Every structure is written in C-alpha cells, then in structure tokens.
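Chain by chain, the residues run as shown.
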Amino acid sequence: MSKPKHILVIRLSAMGDVAMTVPVLRALVLQYPEVKITVVSRPFFQPFFDGIPNVNFYGVDLKERHKGFLGLLRLFSDLRKLNIDVVADLHNVLRSKVIRTLFALSGKKVAATDKGRAEKKTLTSLTNKVFAPVKPMVYRHVETFKQLGFSIDLSNPHFPEKATLSQEIISITGTKNQNWIGIAPFAQYDSKVYPLDLMQEVIDGLAENKNQKIFLFGGGEKEIQLLNQLQDQHDNVIVLAGKLKFKQELDVISNLDIMLSMDSGNAHIAAMLGVKVITLWGATHPYAGFKPFNQPDDFCLTSDRTQYPLLPTSIYGNKKVEGYKDVMRTILPKKVVFSIQSQLTDTTEH
C-alpha cells in the first residue's frame, strides 16, 4: 500500500482568493480521505479551514520570521520539517514561486495554478476585446491538483453545517425566526461598489418586509459610519461591522438565507459556506473567472454592456476608464430587490 500523500497548499493572501480554495480542498479530502493537507496562508484566514478533516493550517509570519528573501528561506526550512510529499502553489506570485522552487530543487513534485493572464487581458482590453468567459479560478485550482495526481470532482459539492451561534452573537443578531439577508456593500476598489444612494433604495425595499432581517457587513471606521447611515432607523436592519470577531462573522454568514455582495471577498466567503449569493458587478465581470462558487449565472447582476460596451474594463477593479464611473447605475435597485426576494421563501408559511 502506497504511503498517504501530504500536500502542501500555498495561498498566502487576498481574502476572496483564499476562500475560493476552500470548496476545492473540501472535495479533495472527501474524495481522497487518506490525504493530509497543510495550508500555508496568513493567520487571519485560519477560520476558513476550521473543521475540514485532514487539513492543518500553517500561519505564515510575513512581518517578522518569514519577511524578505531570508524569511522565505526560513519558511522553506520550517515547512520542510513537515515531511511534505507534493506542493500545490495556488497563488503563483514571487513569494510562492520561491518556496515551490526550493521544494522542487529538493526533489519534490510541484504544480502551480495558471491564472490565465493572457485570456484575462483580452477580456478587459479596450481594443480588440474578446468577450468570452475564461476558466474560473476554482477549476484552475482543480487542474493544479490534477498535475499532482489528484482528480477532483466538484459536481456535487459538500458544504459545512450551519454554525451554532453563541449567546454573544445572538445578543447582537437576535434569535433566527425570519429570513436573514446579509449585505456587504463595499469592495477594495470604488469601481466595484454599488452607489450608496441606490444601495439605500435596496435596503429600504428589503426592510419593508418585517419578516426579513438584514445584516450589514464591512470594516473600518469610515465603512461603519456609512453602514450606520444605510441602516437608517430600520429596526430590522443591523450593522454587524465592528461588533463581532472575524470567526463570529463567519458563523453569522453561514446562517444567512442569502448574501448580497459586490465582486469581493464576502461573496466568496458566503459561497464557500453554501449560502446563496447575489453579486453586483461594475468594472469587473463574472467572465473573468471570479464568479462565486456554485452560484447560477443569473445570480450575477452585471452592468449594461449595451450602454457601456467596453465592460469589463478591469479584472480586479483597479483600472479607471473615462466615462465609465456610473456603470453600476444601470443595475436598478428594484431588480436587486426582486433577485433577492425571489430566492427567499416566506417564513410566515411555516
């Protein structure tokens, strides 16, 4: 009988990207129960992997012990002690390339995720654009594991049970006896953020139904101020930002009936927990491969390409194109509200 494999998985940062690896690893350990996995990432992301069988987490210290080139050599030395068999580099940036190269030089089999940069470039090009879907990142990761000898089937994904909420959380959320809707209205770049006056209309529309409770997610003082404005005296709208620890937020998200998010990390977190996710897309587009896992195409509400034919103009939302500042105004609030409502059952029927 061959020795069980110990796979080192490297995915250092970017919240949404780390979350996208979770369904792949869940499927891997389910389909190969003899395999052991060690995930290398920032300590902040450890809660993503809690409870997945045979998955250990190694928190990388990029500020001190593992900082700079010498720090990477130290990281390699630390990881080598774990008796790794193969390395899956799901990040494929300079830091992770150094680590995987050192493992390759020490005789280990390595594979790295092809990010499809050329296809993404033609998708977002302002001239000679090729408007066609590129392979989703989740399936690119599947290909990486295939190179290492593991064929993963994602057709019947497994999601964790809904988290049991602690009394500390319930003191803020209340007991669940309504439909719970999460809204994460922010993203890293402005070009991916739905205009706040329109988001206010969405929240007002959803809050009319007292059989629904809306939770607003965000972080940082500025975002909390804006969320408090969006809450706008609705007694069934609760600002969670700044009130819970990250792991507690994940527990709340796992209990949502639906999440409304921008093209951002929150969308991928909800998706990895098996929650329905409606996403709003501005300068970016689901064709770029970052559609939340296991969500239907019609859950992605995109800006109007008839009016703005150069969309998508960016993969990550960091590029600005003149005249394209208001693309998200083509996504009407009533359409957003309808998309959410149509996925919810009326809990008064129970």
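Residues numbered from 1 in each chain as written. Predicted model: local features only at pLDDT ≥ 70, side-chain atom pairs only at ≥ 80, totals over all residues. Heavy atoms only, no water.

Caption draft 1: The arrangement of the overall build of the protein chain in detail. On a plain count of helices and strands, the protein chain comes out with 11 helices and 11 strands. Computed over C-alpha atoms, the radius of gyration of the protein chain comes to 21 Å, within 12% of the 20 Å expected from 2.2 N^0.38 for 350 residues, which places it in the range of a compact globule. Considered along the principal axes of its C-alpha atoms, the protein chain spans approximately 60 × 55 × 40 Å. Within the span of the protein chain, comprising 350 residues, buried residues form 53% of the whole. (Helix = DSSP H or I, 4+ residues; strand = E, 2+ residues; numbered from the N terminus. Rg over C-alpha atoms; globule rule 2.2 N^0.38 Å. Buried < 20%, exposed > 50% of the residue type's maximum accessible area, 1.4 Å probe, protein only.)

Caption draft 2: Highlighting the layout of surface pockets. Looking at the largest pocket, its volume works out to about 780 Å³. At the level of elements, helix 1 (15-31), helix 9 (246-254) and helix 10 (265-272) are the ones that each hand at least two residues to the lining of the largest pocket. Classifying every residue of the lining of the largest pocket by side-chain character gives 16 nonpolar, nine polar and six charged. The volume enclosed by the second largest pocket comes to roughly 610 Å³. What lines the second largest pocket is a set of 22 residues, among which Asp190, Ser191, Val193, Pro195 and Lys325 lie closest to the centre. The element contributing the most residues to the lining of the second largest pocket is helix 8 (residues 221-231), with three residues. (1 Å grid on protein atoms, 1.4 Å probe; cavity = no way out; pocket = protein on both sides within 12 Å on 5 of 7 lines; lining within 4 Å. Points joined across faces, edges and corners; volume = space filled by probe spheres on them. Nonpolar A, V, L, I, M, F, W, Y, C, P; charged D, E, K, R; others polar.)

Caption draft 3: Broad picture of empty space enclosed by the protein. A complete count under the given rule lists one cavity of 30 Å³ or more for this structure. Counted as a void, the largest cavity has a volume near 40 Å³. Together, Pro23, Arg26, Ala27, Leu154, Pro157, His158, Phe159 and Phe293 line the largest cavity. Of the residues assigned to the lining of the largest cavity, the class counts are six nonpolar, one polar and one charged.

Caption draft 4: Structural detail: the sheet that holds strand 6 (residues 179-184). Spatially, six strands are ordered 8-7-6-9-10-11 in an open sheet, and the strand pairing comes out parallel. Single-partner strands in this sheet number two, and they are strand 8 (237-239) and strand 11 (300-302). Put simply, the sheet's adjacent strands are angled 20 degrees from each other on average, direction ignored. Against the sheet, helix 7 (residues 196-207) engages strand 6, strand 7 (212-216), strand 8 and strand 9 (258-262), with an angle of about 150 degrees to strand 7. (Pairing = 2+ DSSP bridges. Axes fitted to C-alpha atoms, helices over the stretch in contact; angles between N-to-C directions. Contact = heavy atoms within 4.5 Å.)

Caption draft 5: Molecular detail of helix 1. In this model helix 1 runs 25 Å from its N-terminal to its C-terminal C-alpha over 17 residues, within 8% of the 24 Å that 1.5 Å per residue would give. Buried residues dominate helix 1, accounting for 14 of its 17 residues. (Expected span 1.5 Å × (residues − 1).)

Caption draft 6: Region of the structure containing the sheet that holds strand 4 (residues 86-89). Read from one edge to the other, the open sheet built from five strands follows the order 3-2-1-4-5, with strand pairing classed as parallel. Strand pairing shows two members of the sheet lacking a second neighbour, strand 3 (55-59) and strand 5 (109-112), which therefore form its edges. Taken over all neighbouring pairs, the strand axes of this sheet differ in orientation by 20 degrees on average, direction set aside. Bridge count for strand 4 against strand 5 is four bridges, and the pairing is parallel. Each bridged residue has a counterpart across the sheet, and for Val86 the counterpart in strand 5 is Lys109. Taken strand by strand, helix 3 (residues 94-105) contacts strand 1 (6-10), strand 4 and strand 5, and its axis lies near 160 degrees from that of strand 4. Across the sheet, helix 5 (residues 137-147) is in contact with strand 1, strand 4 and strand 5; its angle to strand 5 comes to roughly 165 degrees.

Caption draft 7: Geometry of the nonpolar core. One finds Ile7, Ile37, Phe48, Phe49 and Phe145 to be the most contacted residues of the largest nonpolar core, which totals 61 residues. Per-element tally for this core: the top contributor is helix 1, with nine residues. Excluding its chain neighbours within four sequence positions, the residues that come into contact with Phe145 are Ile7, Val9, Val24, Leu25, Leu28, Ala88, Leu90, Phe150 and Ile152. Listed in part, the 37 residues of the second largest apolar core include Leu227, Ile278, Tyr308 and Leu311. (Core = buried A, V, L, I, M, F, W, Y, C linked by side-chain atoms within 4.5 Å.)

Caption draft 8: Representation of unusual backbone geometry within the structure. Looking along the chain, the bond that leaves Leu311 and enters Pro312 is cis, with omega of -5 degrees. Here Pro312 shows up in the loop between strand 11 and helix 11 (333-341). Positioned with a positive phi, Asn54 is a non-glycine residue whose angle comes to about 65 degrees. Among the structural elements, Asn54 can be located in the loop between strand 2 (36-41) and strand 3. The class of Asn54 is partly exposed, set by a relative accessible area of 36%. Positioned with a positive phi, Asn83 is a non-glycine residue whose angle comes to about 60 degrees. Its location among the elements puts Asn83 in the loop between helix 2 (68-80) and strand 4.

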